[in-house]
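Observations on the three-dimensional arrangement
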Amino acid sequence: MKWFRKHLFASALMAGMAAAGAAHAEDGTIKFGLLQDFTAVYTFVSGEYNQGQRDYLTLVNQEGGIDGQKFEAIVRDTGNQPQRGIEAYNRAREEGAILFDFLSTPVSRALVDSVLKDKVVMITPVHGRGDASDGETFPYIFPMMATYWSQATVLAKYLEDHGGLEGKKIALVHIDSPFGREPIPVLEDLAKDKKFEFKAFAYPSPGNEQSATWSEVRRFRPDNVLIWGAGGGQPVSVREAIRNGIPPENVLSVVWLAETDAKNVGADTMKGVKRFEAVATGKDNPILKRIQEKVIDAGLGAGEAANVGTSYYNIGVATMAVAVEAARQALQSEGAPLTGEKLKAGFEKIKDFNAEGLMPAVTITAKDHQGGGAGRVSQWNGEAWEPVSDWGAAYQDIVQKEIAHGAASFKEGK
Amino acid sequence: MFYRLAGVHHTRYEQARALWPVPADRWQVLVIALLALAAPFYLSDLYLGSYMLPWLIWSAGALALTLLMGMAGQLHFGFAAVMAIGAYSSIHLARLGIPFELTLVGAGLVSAVIGSLFGAAALRVKGLYLVMATLAMQYLVDWVIINVPAISGGAQATLRTPAVSFLFVPLESLTARYYLALAWVALSAVFFLNVKRTSFGRALVAIRDKDFAAAVIGVDPFRYKLMAFFTSSFMGGVTGAILAFCYYRAVTPEQFSFNVSIQLVAMVLVGGLGSVVGGFLGAGFVLLIPIMLTNFVAGLAASGWLAVSSNLLSHLPLMIYGALIIGFLLFEPLGLAKIYDNIRKYFLVWPFRHARS
């Protein structure tokens, strides 16, 4: 009987866990589902990113909310697994969340159709499928910042402005995944237009070992290298580039290169490497100062105070700044209580919003959910990221072509 | 008392070979079947769509794998790739306008052919070496899917499932998708139980226990190992198609990554090798416990019972989950199915103490 009682206890414990899972909050708040991957692949970004998101929402609440409406973040770990993301999404939706941020390609891909059907907002800032910029095909999906396509064009524009593109050799060294391949069509089109030689080099996922790829890159003798990876692969790419004789100044990265990577490569070694940035880094911004004062110093921060002002933290802050602005617009024109449909309308009313200088001005319309696709290039100076160009978008005609192409095939059901 | 054995006679072969000779077992199966059939009426969409549905589909996957690993003793660490082949072939076949019923069979056949191709390695290697060969299958299939746009669906590498209907019922509502998954897992379970009683099943068991001893008594290892891979891959392929059409409805390569293969192996091992109950329990454990733990820990934190950093908070469920796996396997190395079996045996003779096996 003894061992049977043990069994019974174990199964009762399990059942209890299932029941205790649902924690309900009081109504009258606007709920955002921040269901991200804190334990698997995206750990390099999600901690700081989510901390920034929550701290910004706390700041808004501390300042009295919007029209008396407070914000609440529902945070869950999805472990980058679609089935866990689907569960977390359905649960958060039952709890009343009207905006979702998954920050995970597999999870958001698996939920695109559900979001469109359930009429709730999904934001995919600086990641996610680029063709979702087409607001008519993807009415409830908002990239709301530069997509990977726009990031590639901003980097190319920077190269054109600094030394020109014609006759140059540009290499793209990317992780062998859909994310890594995403910029290729845009860069190929640009290569034709601007008459430079373009070649893509893939390294196997997860990117801890890239030496074979880089010796091929060396043989290509590129003038500039774009590195397109995320997390652990990025410092390896930078190190390999330098080891293969490519000056750090000629290495440009997708948005996923941050302070941690500089620390891993060696802050001095990485000096000169450039990256795309969609949001300013550092604490030198009115919003960040208020967060420091009213959230961090008040002991309400969601994580370590040392993270405040890092690249990913600030991206998190900016995403919520845009989302809260959308909620403000929606409350103004549609009135409380907010629904996914009203929030969508609010997003599409955002005009020239730059989060008090934290990010380039975005204007989101019913047609363009990317908001212009602007960004800038910044350079690692040994201690911090220093902007080396002004906010701006580039070659959006080429990006639009890709968007139209992708959206059309989505409509066909592909 | 609960499992009355009075009146259960082994006087005819049919009776002795019955799936559930004891009436109490039949009642349990009947009650569970009724509960499963009625699930859409008493479960909310959240629990039906996010718990029951994936649990059933993954149970079918675990059953397919346990046929190979548990019954035939061939380790397979690339089973997600088998399911991926099924999922992708089913979508492409359905797009060609082939009826969904045939699409499922086609998906199973494609998986079975490719799966047995890699299974051919099993004719030469065993144990850990076979693990390497099947791992190679996982990576090769992943690579092909990612690098051939015609398969993966272009730059975004996402394929949406076209609208289909199964036996004139459109697979649109959650209820319809649930019933198809239920039908498939029930079919898989009944098939598995019956395989155990056939000469094919006994041959597989003989090969698992010692393949050259099996050869000595006249079981052709070449033929039966290939047949095991073929059958198991067929079931895996159909499960992949069901997973794509009934659950995900949009397929990306990451859904069938190496991690998923490991999860499937974990389902089979934690559940108990070569057992139907184990397939269900293992799939439930590996799939649902992390979700429940995450919600449980988040609930504790939200009510102020657990004041830890958010980083620790997100890893706490993983730590508990790991401890649970170790705990269960220490407690009963033969898996959850054996725990069920122990309970059953206890009640078989209750209120007396001594169980006979």
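Each chain has its residues counted from 1, running along the sequence as written. Whichever chain is written first is A, and whichever ligand is written first is 1; the rest continue in order. Where totals are concerned, whole chains, interfaces and linings use all residues; where local detail is concerned, this predicted model gives features only for residues with pLDDT of at least 70, and gives and counts side-chain atom pairs only at 80 or more.

**Digging into the domain arrangement of chain A**
Residues and elements named next belong to chain A. Source of the domain bounds: an automatic or database domain assignment. What the domain assignment reports for chain A is domain 1 (26–146 + 280–373) and domain 2 (148–277). In this complex, domain 1 contributes 13 residues to the contact, which on the side of domain 2 involves 15 residues. Helix numbers and strand numbers start at the N terminus; a helix is a DSSP run of H or I with at least 4 residues, a strand a run of E with at least 2. Of all the secondary-structure elements, those providing two or more residues to the side of domain 1 that touches domain 2 are α2 (43–62) and α12 (311–333). Classification used: nonpolar for Ala, Val, Leu, Ile, Met, Phe, Trp, Tyr, Cys and Pro, charged for Asp, Glu, Lys and Arg, polar for all others including Gly. In the side of domain 1 that touches domain 2, the residues fall into 6 nonpolar, 7 polar and no charged. Whether two residues are in contact depends on their C-beta atoms, placed from the backbone: they are in contact if these lie within 7 Å.

**A closer look at helix α7 (residues 184–194) of chain A**
All names here are of chain A. Three exposure classes are used, all based on how many other C-beta atoms lie within 10 Å of a residue's own C-beta (placed from the backbone): buried at 20 or more, exposed at 12 or fewer, and partly exposed between those limits. By the burial criterion, the buried members of α7 are Val186, Leu187 and Leu190. Within α7, the buried residues cover an arc of 90 degrees as seen down the axis, which keeps them to one side. On its buried side, α7 packs onto α5 (148–161), β6 (169–175), β7 (197–203) and α14 (396–411). Summarising the geometry, the arc corresponds to the directions from the helix axis toward the C-beta atoms.

**Structural notes on the interface of chain A and chain B**
Often, the extent of an interface is quoted as the loss of accessible area upon association of its parts. On the chain B side, the residues contacting the 41 residues of chain A number 41 residues. Elements represented by at least two residues in the side of chain A that touches chain B include exactly α1 (2–20), β2 (70–77), α3 (82–94), α4 (105–118), α6 (178–181) and α14 of chain A. Top element by residues in the side of chain A that touches chain B is α3(A). It accounts for 8 residues. The class makeup of the residues in the side of chain A that touches chain B is 14 nonpolar, 13 polar and 14 charged.

**Re unusual backbone geometry**
Excluding glycine, residues mostly have negative phi values, and the peptide bonds linking residues are mostly trans. Residues and elements named next belong to chain A. Of the consecutive residues Ser205 and Pro206, the connecting peptide bond is found in the cis state with omega at 0 degrees. One can find Pro206 in the loop between β7 and α8 (211–220). Unusually for a residue other than glycine, Glu356 sits at a positive phi of about 55 degrees. Considering the arrangement of structural elements, one finds Glu356 in the loop between α13 (340–347) and β11 (376–380). Since 13 C-beta atoms lie within 10 Å of it, Glu356 is described here as partly exposed.

**Here's the deal with the confidence of the model for chain B**
Confidence of the prediction at every residue is given by pLDDT, a number between 0 and 100. Residue-level pLDDT values for chain B average 90, and 98% of them are 70 or greater. Here the predicted complex carries an ipTM of 0.88, next to a pTM of 0.88.

**A closer look at the sheet that holds β7(A)**
Residue and element names in this part refer to chain A. Taken together, 7 strands build an open sheet; the order of strands is β7-β6-β8-β9-β10-β11-β12 and the sheet is mixed. Each edge of the sheet is formed by a strand with only one pairing partner; in this case those strands are β7 and β12 (385–387). Each adjacent strand pair in this sheet contributes to an overall mean axis angle of 30 degrees, direction not counted. We call two strands paired when DSSP finds no fewer than two bridges between them. For strand β9 (residues 251–253) and strand β10 (residues 274–277), the ladder comprises 2 bridges, and the chain directions are parallel. Bridging across to β10, Leu252 finds its partner in Lys274. Sitting on the sheet, α7 touches β6 and β7, and the angle it makes with β7 is about 160 degrees. Helix axes are fitted only over the stretch in contact, all axes being lines through C-alpha atoms; the angle between N-to-C directions runs from 0 to 180 degrees.

**What to know about the domain arrangement of chain B**
Residue and element names in this part refer to chain B. Under the domain assignment used here, chain B contains domain 1 (1–38) and domain 2 (43–349). Summarising the inter-unit geometry, the C-alpha centres of domain 1 and domain 2 are found 27 Å apart. Between domain 1 and domain 2, the contact holds 5 residues from the first and 5 residues from the second. Here the side of domain 1 that touches domain 2 is composed, by residue class, of 4 nonpolar, no polar and 1 charged.

**Comments concerning the confidence of the model for chain A**
Chain-level statistics for chain A give a pLDDT mean of 89 and a share of 93% at 70 or above. This stretch, residues 1–26 of chain A, has a pLDDT under 50; its non-local contacts, to residues over four places away or in other chains, come to 20 contacts.

**Here's the deal with the sheet that holds β2(A)**
Residue and element names in this part refer to chain A. Read from one edge to the other, the open sheet built from 5 strands follows the order β2-β1-β3-β4-β5, with strand pairing classed as parallel. Across the chains shown, the open sheet's two edge strands, defined by having one partner strand only, are β2 and β5 (141–142). Pairing geometry for strand β3 (residues 97–101) and strand β4 (residues 121–123), over 2 bridges, is parallel. Within β4, the residue paired with Leu99 across the bridge is Val121. Sheet strands touched by α13: β3, β4 and β5. Its angle to β4, the strand with the most contacts, is close to 50 degrees.

**What about the packing of helix α9 (residues 199–209) of chain B against helix α11 (residues 221–248) of chain B?**
Two packed helices can be described by the angle between their axes and the distance between those axes. Residues and elements named next belong to chain B. α11 packs onto α9 with a crossing angle of 110 degrees between their chain directions and a minimal axis gap of 10 Å. Here α11 runs roughly perpendicular to α9, going by the angle between their axes. Every residue of α11 that contacts α9 at Phe200, Ala203, Leu204 and Ile207 is listed here: Pro221, Tyr224, Lys225, Met227 and Ala228. Looking at the contact of α9 with α11 residue by residue, the classes come out as 8 nonpolar, no polar and 1 charged. Roughly parallel refers to an angle under 35 degrees, roughly antiparallel to one over 145, roughly perpendicular to one between 65 and 115, and oblique to any angle outside these ranges.

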